[in-house]
Amino acid sequence: PSPPPSPPPPLSSPPPLLPPSSPPPPSPPPDEPAPKWERITCPAMSALVKNGDLVPSPAGLITKQQTFDALLRVGISEKVATETTDANFDHIDSLDLNVFRMNTVKRNGTPDPPGPSEHFRSTGIRDGRRPSSGRYNFGFEECADFDGIAGEFSSDDILNCATLVWDHESTFDSNSFPKKLPTNDVLESKRPPTCGATDSGLSGCHPDDPSLDQTPCCDSQLHGAINFMFQEFGTPTGEDAHMSTTDMKKLWLEAEYPPDFIARSPRGCVDTADPSAAGCQLCLDEVPTTGPGGLPVTATTSTEAQRYCRCLASKQLSAHELDSIPEHTSLECSKDPMVHANVTLTNRRRALSELTRPRELFDSAADGAALRNLLSSFYQSRGLAYDDVDVLITSQTPSTYSVRLATSRSDAVYLAYSIRVDLRSFAQETEAPIDIADVTVSDDLRLNGCGQFCEAQGSFLRGFVPRRPPPPSPPGPDIDPCLRPCLQGTCQQLSAFATCDQLSEVGCNCHGCCAESTRLIARSRPPSRLVPPSPPFASVLGAPLLITPATLLAPMGHAVRVERARRKQVI
């Protein structure tokens, strides 16, 4: 018999499924050939790179965080570091750019790849392969004589001459003073809505009274960038800055820091690896023990003391941390405004724990936590950004607490007024677990002059827009009304959140020294992502809605966290 048929071969198992192949990682950008500081269009960035304070990658890339840190480390103010990095990086998803290829707009030739964003109009001094001494000498340098004082630049020279020379698109007049020269290029996407092709200057801009705005108003980064650089690298910093013609030319054409800037910069003594105040110990060691004539050493009398103060500022410590450093106070370093309130609580509690077990009438830990939660909600209702590190609460008596609130100059008066007038009723309306019997607010908000630490005024995006001076005060029997404090703020500071008529309804008489306006005025401040103020505060002023800076500015593109010692702040 035939053998039985062989069994069929076993079915082979299908091959195991392999995971889908991942796309290959993107190739790193090619190294930048022969990177040179001369090719960087921004004089300030060029100086940072040339002097080793900002080190690009082999591909020429710098990041927003890296640039922000470098600016603070050399002694630039936080305001300027924030505004400049926001403007230069926030429109880029990766938050980095090629610092050697920032000339992205050209009338002739091939522009650099998209990414970096140029100004609306440009001087063209640094738009070529190397800085143009011809353009600088022909249009910029002679502006040092605009105020009648030769040999140095002042704010008058910068604002009313240097920023206006190239603020034209077709005009050419080499006989006027300042000269009228055509801009090197135009970035249409940044054209101000009130600035036509034949318009120029800032004479039509009136932010203190928008009802008086006229065209043309060509406020742009052309003005802001030149103004910021001068006021931060000049001496002293701020509106009173001066800089010799020699130092200005070296900064623009050779990327060299001015000598006075080098003297006050902490770049040579800061320990960048230590984010605490101890990272400034070497700067402190250089501070002399006595000042001229045996007087106490302060930042006003000692460059070394100013250098130490700027080092502390670069560490981004909180205002309360800085206040706890003895040398920060004794050397008269710059202090942030502070609202100091005393809050007295009643013995009434709404906590559920009262229903289940007895407890002490006052518990400092529980009361402190409840006060912080209350303040967080209160800030939000007023359109203010709340940060826990800005709040310091200490117990004075079993029922009274000292509440110190670090804030900004633009918010200090508004916050002090709101705490004084509204915090107690807000606690009742929101049914907070604590009852407030009384709130007192100190008149001293630390709004004194900025001394040696004045920051550049104006806006990086708009420039230093001229402000109308207040009308003269009527004669008074006892005192000039402009000197009468109301919540320790001048009338111009108070107009940040209300008109004189509205302020008079709450007992603050500022008539005679404030420019009257038919609309509410908002001071410039960084954009807020918080809600506008709540109706309770508006009703106190008798207005349909009180406008604060937070209601006028839209959120920005990217929320970038800048690392700080013991804190992080959204930039």
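As a reminder, the structure under discussion sits directly above these lines.
Everything numeric here is computed off the predicted structure, so don't read it as measured data.

*Asks:* Is there a simple way to think about the pattern of salt bridges in this case?
*Replies:* Oppositely charged side chains can form a pair if their charged atoms are brought close together. Scanning all chains against the criterion turns up 15 salt bridges. One salt bridge in this structure joins aspartate 86 and lysine 64, with 2.7 Å as the shortest N-O distance. You can see aspartate 86 sitting in helix H3 (residues 78-89) and its partner lysine 64 sitting in helix H2 (residues 64-74), a full 22 residues away along the chain. As far as burial versus exposure is concerned, aspartate 86 and lysine 64 are alike and both buried. We note a salt bridge from arginine 446 to aspartate 323, for which the minimum N-O separation is 3.2 Å. With arginine 446 in the loop between strand S8 (434-441) and helix H16 (491-494) and aspartate 323 in helix H11 (residues 319-323), the pair connects residues that are 123 residues apart, well separated along the chain. Overall, arginine 446 belongs to the buried group, its relative accessible area being 17%. Salt bridges sharing partners connect three or more residues here, namely Arg121, Asp167, Glu169, Glu188 and Arg191.

*Asks:* Is there a simple way to think about helix H4 (residues 133-140) in this case?
*Replies:* An α-helical turn contains 3.6 residues, so a residue and the one three or four places further along point in the same direction. Where H4 is concerned, the buried positions are Tyr136, Gly139 and Phe140. Seen along its axis, H4 keeps its buried residues to an arc of 100 degrees; they face one direction. Buried positions along H4 lie against strand S3 (152-154), helix H5 (155-162), helix H6 (221-233) and helix H7 (245-254).

*Asks:* Whenever I open this one, the side chain of serine 381 confuses me. Can you help?
*Replies:* Its location among the elements puts serine 381 in helix H14 (residues 364-381). Judged by its relative accessible area of 13%, serine 381 falls in the buried class.

*Asks:* Looking at this structure, I do not really get the state of the cysteines. What am I missing?
*Replies:* A covalent bond bridging the sulfur atoms of two cysteines is what the word disulfide describes. Here the structure, examined in full by the defined rule, presents 6 disulfides. Residue cysteine 195 pairs covalently with cysteine 218 via a disulfide, S to S 2.0 Å. Because the torsion about its S-S bond is 90 degrees, the bridge between cysteine 195 and cysteine 218 counts as right-handed. You can see cysteine 195 sitting in the loop between H5 and H6 and its partner cysteine 218 sitting in the loop between H5 and H6, a full 23 residues away along the chain.

*Asks:* How do you make sense of unusual backbone geometry when you look at a structure like this?
*Replies:* Peptide bonds are trans in most cases, and residues, glycine excluded, mostly fall at negative phi. Of note, the amide linkage connecting phenylalanine 177 to proline 178 takes the cis form, showing an omega dihedral of 5 degrees. By the secondary structure assignment, proline 178 is in the loop between H5 and H6. For the peptide bond that leads from threonine 235 to proline 236, omega is -10 degrees, which places it in the cis range. In this fold, proline 236 is placed in the loop between H6 and strand S4 (242-244). One non-glycine residue, alanine 255, lies in positive phi territory at about 55 degrees. Here alanine 255 is to be found in the loop between H7 and helix H8 (259-264). At glutamate 332, a residue that is not glycine, the phi angle is positive and equals roughly 60 degrees. With respect to the helices and strands, glutamate 332 occurs in the loop between helix H12 (326-330) and strand S5 (338-349).

Procedures and definitions
- Residues numbered from 1 in each chain as written.
- Predicted model: local features only at pLDDT ≥ 70, side-chain atom pairs only at ≥ 80, totals over all residues.
- Heavy atoms only, no water.
- Salt bridge = Lys/Arg side-chain N within 4 Å of Asp/Glu carboxyl O.
- Helix = DSSP H or I, 4+ residues; strand = E, 2+ residues; numbered from the N terminus.
- Buried < 20%, exposed > 50% of the residue type's maximum accessible area, 1.4 Å probe, protein only.
- Arc of directions from axis to C-beta.
- Contact = heavy atoms within 4.5 Å.
- Disulfide = S-S within 2.5 Å.

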